[in-house]
Amino acid sequence: ITGVVADRSVYPGEIAAAGSPLLTVMDNSRVVARVNIPQGQAGYLKAGNTATLKQTDTAEEVTGKVTVVSPAVDPNSTTVQVWVETANPKEMLKPGVTVHVTLIAETIANAVVVPTAALLPAEDGGSQVIAVGADGVAHVRKIEAGVRDGDKVQILSGAKPGEQVVTVGGLGVEDGAKVQVEKEHS
């Protein structure tokens, strides 16, 4: 194979033992990152999903694909191992190096997304948001939340694209109340 000598077990003048390797040659043109993720998130992933690998000490990123989602859970860590394979241009990624992997499980087109700060508890135990119309009137909307990603949440139903929602001071605001939208202070 074409590759790089990764290990040399025997040097000139030494006696080679039968069955022992003389050299280890490694093909670094493609690499596999092994990532352990919580078992609750493993169900969202499948072979073929896109991933981004970034070495922890550089800003360069490479794109890869998920090749394996283990069907077994590690009993010690309760995580699932996922393999991400990528081309290794200029052999930037070295075997054994630590990388940060971002996995994309699904892309949801035309999703209505609001900050999680906009979610308020509803009386029935669900969630609601307060939408503010162009007339400055508050409208309490019962919503169904979808995917959460950091400080954002997808709204499956109950809010429309482009609506303004209250993110601060929404507790105690009644439906139909007149509100004043303030700009963020820097």
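Because the structure is predicted, anything quoted here is derived from the model rather than measured.

About the thresholds
Residues numbered from 1 in each chain as written. Predicted model: local features only at pLDDT ≥ 70, side-chain atom pairs only at ≥ 80, totals over all residues. Heavy atoms only, no water. Helix = DSSP H or I, 4+ residues; strand = E, 2+ residues; numbered from the N terminus. Buried < 20%, exposed > 50% of the residue type's maximum accessible area, 1.4 Å probe, protein only. Contact = heavy atoms within 4.5 Å. Patch = residues over 30% accessible without salt bridge, like charges linked within 9 Å, V, L, I, M, F, W, Y side chains within 5 Å. Areas by Shrake-Rupley, 256 points an atom, 1.4 Å probe, with all protein chains shown as cover. Salt bridge = Lys/Arg side-chain N within 4 Å of Asp/Glu carboxyl O. pLDDT = per-residue confidence, 0-100. Pairing = 2+ DSSP bridges.

Asker: Give me the environment of Gln154: which residues, what numbers.
Answerer: Within the element layout of this structure, Gln154 appears in strand 12 (residues 152-157). Since its relative accessible area comes to 11%, Gln154 is described here as buried. Spatially, the C-alpha atoms of Gln154 and Thr116 are 9.1 Å apart, while their sequence positions differ by 38 residues. Beyond its immediate sequence surroundings of up to four residues, Gln154 is in contact with Ile108, Ala111, Val112, Val113, Glu144, Ala145, Gly146 and Val147.

Asker: Outline a nonpolar patch on the surface, supporting the account with residue identities and numerical values.
Answerer: A contiguous nonpolar patch, built from Ile1, Val5, Leu22, Leu23 and Val25 and spanning about 500 Å² of accessible area, is present on the exposed surface. Leu22 gets classed as partly exposed once you look at its relative accessible area, which sits at 47%.

Asker: Residues and numbers for unusual backbone geometry, please.
Answerer: Within the chain, Thr78 stands out as a residue other than glycine whose phi angle is a positive 50 degrees. Summarising the element assignment, Thr78 is placed in the loop between strand 5 (61-74) and strand 6 (79-87). Judged by its relative accessible area of 42%, Thr78 falls in the partly exposed class. Phi is positive for Asn110, close to 55 degrees, though the residue is something other than glycine. One can find Asn110 in the loop between strand 7 (99-104) and strand 8 (112-115).

Asker: Account for the confidence of the model for the protein, naming residues and giving values.
Answerer: Per-residue pLDDT for the protein has a mean of 87; in total, 98% of the residues score no lower than 70. Here strand 1 (residues 4-8) stands out as the element of the protein with the lowest mean pLDDT, 85, in contrast to strand 6, whose mean of 95 is the highest.

Asker: Now, about the pairing of strand 12: what can you tell me, with residues and values included?
Answerer: Examined bridge by bridge, strand 8 and strand 12 share four bridges and lie antiparallel to one another. When the bridges of strand 12 are listed, Val112 appears paired with Ile155. Bridge analysis of strand 11 (residues 138-149) against strand 12 gives four bridges, and the strand direction is antiparallel. Along strand 12, the bridge assignment pairs Arg148 with Val153. Hairpin geometry of strand 11 and strand 12 is characterised by an intervening segment of two residues between the two adjacent antiparallel strands and by a positive phi of about 65 degrees at Gly150.

Asker: Provide a residue-level description of the pattern of salt bridges, including the pertinent values.
Answerer: In the structure shown here, the tally under the stated rule is four salt bridges. Between Glu85 and Arg30 there is a salt bridge whose closest N-O contact spans 2.8 Å. One end of the pair, Glu85, is in strand 6; the other, Arg30, is in strand 3 (residues 30-38), with 55 residues separating them in the sequence. A residue is classified by how much of its surface remains accessible, and Arg30, at 44% relative accessible area, is partly exposed. Among the salt bridges present, the one from Lys152 reaches Asp151, with a minimum N-O distance of 3.8 Å.

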